[in-house]
Amino acid sequence: MTAPVASCEVAIIGAGPAGATLAYELLQGGLKPLILDKAVFPRIKVCAGGLTIKALKLLPPDLGPVLENEIRRVQLSFNLGRAFTKASQQPLLYTVSRQRFDAFLVERVRQAGGEFGDGERLEKIMAGPGDSSTLVTSRRLITARVVVGADGARSIVARCAGLQPVDFWHLGLQMEVPRNLMGESASGFTRTIYLDMGTMADGYAWVFPRGEVLLIGVGGALPQGPQLKRYHARLLSHLGLGEQSFPLAAHLVPHRVTPRPIMKGRVLLVGDAAGLADFWTGEGIFSALHSARLAARQILRFFRGETGALSDYQARVDREITPELTASYQFSKLFNYIGPLAFRCLERYDYPWEVFCRVMRGDRSFGEIKKRFRPDILFCKLLVKSARNRPIA
Ligand SMILES: Cc1cc2nc3c(=O)[nH]c(=O)nc-3n(C[C@H](O)[C@H](O)[C@H](O)COP(=O)(O)OP(=O)(O)OC[C@H]3O[C@@H](n4cnc5c(N)ncnc54)[C@H](O)[C@@H]3O)c2cc1C
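For the structure given in this document, a descriptive report is provided here. Predicted model only: the values in this text are computed from it and were never measured.

Procedures and definitions
- In this numbering scheme, every chain counts its residues from 1 along its sequence in written order.
- Selection of residues for local features in this predicted model requires a pLDDT of at least 70, selection of side-chain atom pairs for listing and counting requires 80 or more, and totals for whole chains, interfaces and linings are taken over all residues.
- With hydrogens and water excluded, all non-hydrogen atoms of the structure serve as input to the side-chain values.
- Only DSSP runs of H or I covering at least 4 residues are called helices, and only runs of E covering at least 2 are called strands; the numbering of each starts at the N terminus.
- Throughout, exposure labels follow a simple rule: accessible area from a 1.4 Å probe, protein chains only, divided by the maximum for the residue type, with under 20% read as buried, over 50% as exposed, and the rest as partly exposed.
- Contact criterion: two residues are considered in contact whenever any of their non-hydrogen atoms come within 4.5 Å of each other.
- Note on areas: Shrake-Rupley with a 1.4 Å probe; residue coverage comes only from the protein chains shown.
- Strands were regarded as paired on the criterion that DSSP finds at least two bridges between them.
- Assignment of crossover handedness uses the view with strands pointing away from the viewer, where a clockwise path from the first strand over the helix to the second indicates a right-handed crossover.
- The set of buried Ala, Val, Leu, Ile, Met, Phe, Trp, Tyr and Cys residues whose side-chain atoms join them within 4.5 Å is what this entry labels a nonpolar core.
- Here a residue counts as near a molecule or strand whenever at least one of its heavy atoms sits within 4 Å of it.
- Pairing of N or O atoms within 3.5 Å defines a polar contact, subject to two protein rules: one partner must be a possible hydrogen donor and the other a possible acceptor, and residues neighboring in sequence count only if both atoms are side-chain atoms.
- Amino acids are sorted into nonpolar (Ala, Val, Leu, Ile, Met, Phe, Trp, Tyr, Cys and Pro), charged (Asp, Glu, Lys and Arg) and polar (every other residue, Gly among them).
- How far each domain reaches was decided by an automatic or database domain assignment.

Right, let's get into the overall build of the protein chain. Within the protein chain, the secondary structure is distributed over eleven helices and 18 strands. In terms of overall dimensions, the protein chain has a C-alpha envelope of 85 × 45 × 40 Å along the principal axes. Burial statistics for the protein chain: of 393 residues in total, 54% are counted as buried. The long-range fraction of contacts in the protein chain, counting pairs at least 24 apart against all pairs at least 6 apart in sequence, stands at 72%. In the form shown here, the protein chain has an accessible surface area of approximately 18,200 Å², with 54% of it arising from carbon and sulfur atoms.

Encoded structure:
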């Protein structure tokens, strides 16, 4: 039996935040993209579900019902030792269930008239006919003039196009624990997230509250998998949950910190498929939304007759997103060297905390900080401040 054939101008593979945002933007611009996802929605996605204010600024204003905990405080520890808490006047982030958040974005696509095939897996891409591509899915053949890989960390679109956008892989391990198991101490995790740093190079641990559950996870370089598992076990004991056993879910986080190719001909990658998660913080939703918007703009221009518009996509990502990811990577490496000192500064002085808050809110970027970063001046400022704070004998 021959497979049914469909054709479209743009095929989007993957309906996470990147794919759903791209589909919506193209619909708004008058195109009729076809979006498909191998999972049946609403689907589970391993993620701490932290939506920073800078990500929120790229999302529809009626997202309200999907937002769960508003976070204004961060409790920090170094190597699971002594902890301190810093507070912000304004919200820093909100937590969401990825099941509900992603379903919300997909529903918005459906309501805008988008064609969404869930439970449909892309299996391979073949060249032709003409300048188009033919997609072989678990259900049918689809010919598309432009193909966008929004299919996450292990993108099959990237593989089929021969693209290798990822410089570094991180692994995230996460467990969902009912908050009542933590007894009294769980009440501290309503508007507060917990972060532990300095235990593993390039890694950190987190506790994010989301309604009645706590998301307890660790992330770090992929080759450190076994150490990460031990780190997670230590974290649970540290939180008084050593006896608890819940499924530990694992997922890859891809990092592109150099301008590796993320497009070839009429095939583009967005979000995790392009490796755009932040190396230091692990935040990936913001870049997924941002890259999807950049891709939408260039695809719309292409269909309006600007033939070079598609190839400008990579240049725009490398102008607007890559410098930020590179700077974050460099700060992360610096933190590995001066971890205990940086941690003490964060505890003692308000300035680094205020900068962190501004980054979370999108009012300052790692790229801007890097441009202004003068270690000599910073050192002098801290010296003066600590002299002022010292009691006079
Ligand atoms: C443990 C962990 C915690 C994290 N916490 C945060 C956080 O708090 N905040 C944050 O901003 N980021 C976080 N991230 C990163 C974030 O989850 C990703 O960066 C984000 O989901 C990327 O969105 P996306 O749309 O590019 O890809 P995804 O959300 O991964 O969506 C890709 C979609 O493609 C589909 N797909 C894959 N292959 C195929 C195929 N062959 N055919 C059809 N469909 C396919 C998948 O089913 C999926 O629905 C975390 C990641 C991990 C692992």
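From this point, things continue past the structure.
Once that is clear, we can look at the pairing of strand β1 (residues 5–13). In this structure, β1 lies alongside strand β11 (residues 141–149), joined through eight bridges in parallel fashion. Bridge pairing links Ile13 to Gly149 in β11. Bridge analysis of β1 against strand β2 (residues 34–37) gives three bridges, and the strand direction is parallel. When the bridges of β2 are listed, Ile12 appears paired with Ile35. Chirality of the crossover, the property in question, places the unit of β1, helix α1 (residues 17–28) and β2 among those that are right-handed.

Here the focus is the nonpolar core. The nonpolar side chains of a soluble globular protein tend to be buried with one another. Counting 72 residues, the largest nonpolar core has Leu22, Leu26, Phe101, Ile299 and Tyr313 as the members making the most contacts within it. Residue contributions to this core peak at eleven residues, all from helix α6 (residues 285–303). The residues contacting Leu22, other than those within four sequence positions of it, are Ile12, Val148, Ala292, Ala295, Ala296 and Ile299. Of all hydrophobic cores here, the second largest spans 26 residues; its members include Ile71, Phe208, Val355 and Ile369.

What follows covers the site of the ligand. Looking at the ligand, there are 35 residues lining it, with Asp37, Gly50, Arg98, Leu122 and Asp272 nearest. With respect to the ligand, the backbone of Ile285 contributes an N or O atom lying 3.0 Å from an oxygen atom. Taken by itself the ligand offers 1,000 Å² of open surface, and the protein chains cover 93% of this. Only α1, β2, β14 (204–210), β16 (249–255) and α6 provide two or more residues apiece to the shell around the ligand. Residue classes in the shell around the ligand are distributed as 16 nonpolar, nine polar and ten charged. Residues from two domains meet in the shell around the ligand; each of domain 1 (5–48 + 98–166 + 256–324) and domain 2 (69–94 + 168–254) gives at least three.

Coordinates in, geometry out; function isn't part of it.
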